[in-house]
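Residue strings, one per chain:
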Amino acid sequence: MKGLLYKDGYLTWKYGKSILLFTLIWMVMMVWTDSLFWGIFPFLFAVMNTRMTFSYDEQTKWNSFLVTMPVSRKQMAEEKYLLVFLNIAAIAVLEIMIGLAAALFSKEVWLTADTLLILGTGIGAAFLYSAIELPMIFRLGVERSRIWLFGMTILVFALVGGGAAITQSAFLSESGMVQNEGAFYTAIVSVLAVGIAAYVISLFISARIMESKEF
Amino acid sequence: MTGENALELNNVTKKYEGFCLQNIDLKLPAGCIMGLIGENGAGKSTTMKLLTGAARPDEGQICVLGVDNRTREFDAVKNQIGVVLDEARYSDYLTPKQVNRMMKGIYENWDEKQFVEYLKKFDLPVDKKLKDFSRGMKMKFGIAAALSHEAKLLLLDEATSGLDPVARDEIVDIFYEFTREEDHSILISSHIVSDLEKLCDYIAFLHKGKLYFCEEKDALKEKYGILSCTKEMFESLDREAVAGYRTSPYGMEVLVEREKVPSSFSLSPAGIEDIMVYMVRGEQTQA
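What counts, and where the lines are drawn
Residues numbered from 1 in each chain as written. Chains lettered and ligands numbered in written order. Predicted model: local features only at pLDDT ≥ 70, side-chain atom pairs only at ≥ 80, totals over all residues. Heavy atoms only, no water. Contact = heavy atoms within 4.5 Å. Buried area = accessible area lost by both parts, 1.4 Å probe. Salt bridge = Lys/Arg side-chain N within 4 Å of Asp/Glu carboxyl O. Helix = DSSP H or I, 4+ residues; strand = E, 2+ residues; numbered from the N terminus. Nonpolar A, V, L, I, M, F, W, Y, C, P; charged D, E, K, R; others polar. Buried < 20%, exposed > 50% of the residue type's maximum accessible area, 1.4 Å probe, protein only. Pairing = 2+ DSSP bridges. Axes fitted to C-alpha atoms, helices over the stretch in contact; angles between N-to-C directions. Phe/Tyr/Trp six-rings, centres within 6.5 Å; stacked < 30°, edge-to-face > 60°.

Novice: Mind showing me how you'd approach the interface of chain A and chain B here?
Specialist: Accessible area lost during the coming together of the parts is what is often quoted as the interface size. At the junction of the two partners, chain A supplies 28 residues and chain B supplies 29 residues. A buried area of about 2,700 Å², summed over both sides, lies between chain A and chain B, and 57% of it is on carbon and sulfur atoms. It is Tyr-6, Phe-65 and Pro-70 of chain A in chain A that bury the most area against chain B; as a group they hold 23% of the surface buried on that side. Counting the contacts that link chain A with chain B gives three salt bridges. Across the pair Glu-214 of chain A and Lys-14 of chain B runs a salt bridge, and its minimum N-O distance is 2.8 Å. If you tally residues by element for the side of chain A that touches chain B, the top one is helix H1 (residues 2-33) of chain A, at eight residues. When its residues are assigned to classes, the side of chain A that touches chain B shows 13 nonpolar, seven polar and eight charged.

Novice: Can you help me understand the pattern of salt bridges in this one?
Specialist: It is possible for side chains of opposite charge to pair when their charged atoms get near one another. All names here are of chain A. On inspection of all chains with the given rule, the structure shows 24 salt bridges over all chains. The partner of Glu-133 in a salt bridge is Arg-51, with the nearest N and O atoms 2.7 Å apart. With Glu-133 in helix H5 (residues 113-171) and Arg-51 in helix H2 (residues 37-59), this residue pair connects regions lying 82 residues apart in the sequence. For Glu-133, a relative accessible area of 0% puts it in the buried group. Arg-51 gets classed as buried once you look at its relative accessible area, which sits at 12%. In this structure, a network of salt bridges that share partners links the residues Lys-7, Asp-8, Asp-57 and Lys-80.

Novice: Looking at this model, I keep getting lost on the sheet that holds strand E3 (residues 33-37) of chain B. Mind explaining?
Specialist: By definition, the strands of a sheet pair up through backbone hydrogen bonds, in either a parallel or an antiparallel sense. Residue and element names in this part refer to chain B. Taking strand neighbours across the sheet as the criterion, the six strands line up as E6-E7-E8-E3-E9-E10 in an open arrangement whose pairing is mixed. With partners counted over all chains shown, the strands left at the sheet margins are strand E6 (81-84) and strand E10 (210-216), one partner each. Taken over all neighbouring pairs, the strand axes of this sheet differ in orientation by 15° on average, direction set aside. With four bridges connecting them, E3 and strand E8 (residues 185-189) associate as parallel partners. The residue bridging Gly-35 from the neighbouring strand is Ile-188, located in E8. Docked against the sheet, helix H5 (residues 135-146) engages E6 and strand E7 (153-157), running at close to 175° with respect to E6.

Novice: Where do I start with the sheet that holds strand E1 (residues 5-16) of chain B in this structure?
Specialist: All names here are of chain B. If you trace the four strands from one edge of the open sheet to the other, you get E2-E1-E4-E5, paired in antiparallel fashion. Where the open sheet ends on each side, the last strands, each with one partner, are strand E2 (19-29) and strand E5 (67-68). Sheet topology places E1 next to strand E4 (residues 59-64); five bridges connect them, and they run antiparallel. Its bridge partner being in E4, Leu-9 is matched across the sheet by Ile-62. Where helix H1 (residues 44-52) meets the sheet, its contacts fall on E1, E2 and E4, and the angle it forms with E1 comes to roughly 115°.

Novice: Teacher, can you tell me more about the packing of aromatic side chains here?
Specialist: The description of two aromatic rings rests on the distance between their centres and on the angle between their planes. Throughout the structure, instances matching the rule amount to 17 aromatic pairs over all chains. A ring pair is formed by Phe-115 of chain B and Phe-141 of chain B, whose centres lie 5.7 Å apart and whose planes are at 70°; its orientation type is edge-to-face. Pair noted here: Phe-115 of chain B is in helix H4 (residues 112-121) and Phe-141 of chain B is in helix H5, with a separation of 26 residues, a long-range link. Neither Phe-115 of chain B nor Phe-141 of chain B differs from the other in exposure class; each is buried. Relative to Phe-122 of chain B, the ring of Tyr-118 of chain B lies with its centre 5.9 Å away and its plane at 25°, an arrangement referred to as stacked. Looking at Tyr-118 of chain B, the relative accessible area reads 14%, which means it is buried. Grouping aromatic residues by their ring pairs yields a cluster made of Trp-62 and Phe-65 of chain A together with Tyr-90, Tyr-107, Trp-110, Phe-115, Phe-133 and Phe-141 of chain B.

Here's what the structure looks like:
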């Protein structure tokens, strides 16, 4: 699996550089406009970046060759899930670092309720979206799943983003202070938990799809 | 499965819409080279897919290097199998250097030194992206990779297509070299029958999803001969002796089994390509 991760890591990095730039721009937009919307977007791109590796694979019919190598079909699925996980983690770390830098610059506390809300909902949405996306791509391929995924991308991120905005207005004061800590943190943890649980279940589904697939 | 066979297909059937590979029985003894021949759509690539585990048979059993290829154990056995498909399947955005790093993480026995030597031998650049390689360069690259992880079995599906005759000859020599180790075996499918004629110990002929024969090449060439004759002479022949024929304004050319025609007949030697063409076209004429 290490070899596959190296290949996909390299291909992801090709476009990852531009994502870094966009993440920076969106974070500036988020601070400037005081809207969570911008902070959640980089997670969407982290997920889409992984989809591009599927496109490259399909272009060269890579899987029909990979299946001849000492890699199990289950590992073929697991590698993509690990790649998504690493992409999401990278964006989370990046957002924390940017948040930290912004806090240092403005001499404010960096780990605010706002930051937690963005990270929680962004990561949760990314896992939830990937949980639906990955089995569809494994089953249908990138092209055939594209139309479904386009609609779903907007739906998942709008739902989670909208939920985050509601949470922000319901539980946070204008100064960013949490008004009802219990409900606020429960909302964040719930989104994360649902996303991660769906992601783990999805991995088993994808592994089964790959086990029965012919190339 | 015996330990003496690198490959065994026992009564293998695979059905697709509009095509069926039927009851294939095939054995490749370890240390031998077998050529898989047949026209387009005969089932060569399907057979390769079944062997590598990319597709699964509807019926029958396939053993590769002594292991049933439907078992989990087969994943480890794939360390000992080198595969070259009809086109290079590596990402165009990778360089050979990057593929080397990738393969190190995939194959237990990946031999970087060997890989670099093959790249040099084939005159392939290390830092150029594969998208800038010609088809021939890509095929050579695939062969270099297949030979760089101490494989005991090579499965080559049209691996020499796209190569010029000089490069093909060079590759054929490398395959020869590979089978010097007595437990090294090759199954190669190709349209270029002349390559197979040079290289192979056994020839398996697939036609419309059926295995017509799988025999030693030399025995095959001894078995068949071409008889040039008139129509009247053709009609007097034992039908059992005729494997195929062609008619022309000047008479007939008939692929016959030497043992089944009178020894007084003068027969020309039949090459593997002749045998294949006569059998396929002869059948069509008779129908």
